[in-house]
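These are the residues of each chain, in order.
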Amino acid sequence: MSIEAHTKVRTAEEMAWSLMPSHVSLYHREILSAQEADGLGIRMNSILWEKIGVGGAVLPHNHNVAEIIHITVGKVRLLCNGEWKSYQAGDTFHVPAGVVHSVANDDVQPTEQISIFVPVEKQVPTNRFFETTLVTMERG
């Protein structure tokens, strides 16, 4: 696998909204595909920018991966540990692999969220906070 050496930019206009037919009024834009993650040298299944229309929902389901869902616009109801609870923009959900969950629009406008799908493995190195190195450059 070769790792990319250049920053890529994908503008919102380049990412078309696609309907996810197994759910109700759920649309997504793929921010990062598994293939693109391979090019970055990281373990990742997908990162989606999702929009749920008024009255829409991500129907109850589970995955073989962990999912992190960050609500960016609006109010939603989350099926969390067997109970429906209300949340809003700025709230984040950590859903382990195999856990049934659902997100429903609970607003008068479409809601939006970022969903990050991460592989689950039995033996992984301990995670740690990333390192940053400042570099002096002229601003253009």
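Model, not experiment: these values are computed from the prediction.

Before we go on, may I ask you to explain the environment of Val 103 in this structure?
Tracing the sequence through the fold places Val 103 in strand S8 (residues 101-105). Residues Val 103 and Gly 39, spaced 64 residues apart in sequence, show a C-alpha to C-alpha distance of 31 Å. Among residues more than four places away in sequence, those in contact with Val 103 are Ile 52, Ala 57, Val 58, Ile 69, Val 76, Arg 77, Leu 78 and Gln 113.

Got a minute to help me understand unusual backbone geometry in this structure?
Glycine aside, a negative phi is what most residues show, and trans is what most peptide bonds show. Although it is not a glycine, Ser 25 adopts a positive phi angle of roughly 50°. Within the secondary structure, Ser 25 is located in strand S2 (residues 24-32). Unlike most non-glycine residues, Asn 81 shows phi in positive territory, near 55°. For Asn 81, the position within the fold is in the loop between strand S5 (75-80) and strand S6 (83-88).

How should I be thinking about the pattern of salt bridges in this particular structure?
A side chain with one charge may pair with a side chain of the opposite charge, provided their charged atoms come close. Tallied over the full model, the rule gives four salt bridges. Residue Glu 36 pairs with Arg 10 through a salt bridge whose shortest N-O separation is 2.2 Å. Pair noted here: Glu 36 is in helix H1 (residues 34-40) and Arg 10 is in the segment before strand S1 (18-19), with a separation of 26 residues, a long-range link. A salt bridge links Arg 43 to Glu 121, with the nearest nitrogen and oxygen atoms 2.3 Å apart. Taken together, the residues span a long stretch of sequence, with Arg 43 in the loop between H1 and strand S3 (46-61) and Glu 121 in the segment after strand S9 (111-118) at a distance of 78 residues. Owing to a relative accessible area of 34%, Glu 121 belongs among the partly exposed residues under this scheme.

So, how was this worked out
- Residues numbered from 1 in each chain as written.
- Predicted model: local features only at pLDDT ≥ 70, side-chain atom pairs only at ≥ 80, totals over all residues.
- Heavy atoms only, no water.
- Helix = DSSP H or I, 4+ residues; strand = E, 2+ residues; numbered from the N terminus.
- Contact = heavy atoms within 4.5 Å.
- Salt bridge = Lys/Arg side-chain N within 4 Å of Asp/Glu carboxyl O.
- Buried < 20%, exposed > 50% of the residue type's maximum accessible area, 1.4 Å probe, protein only.

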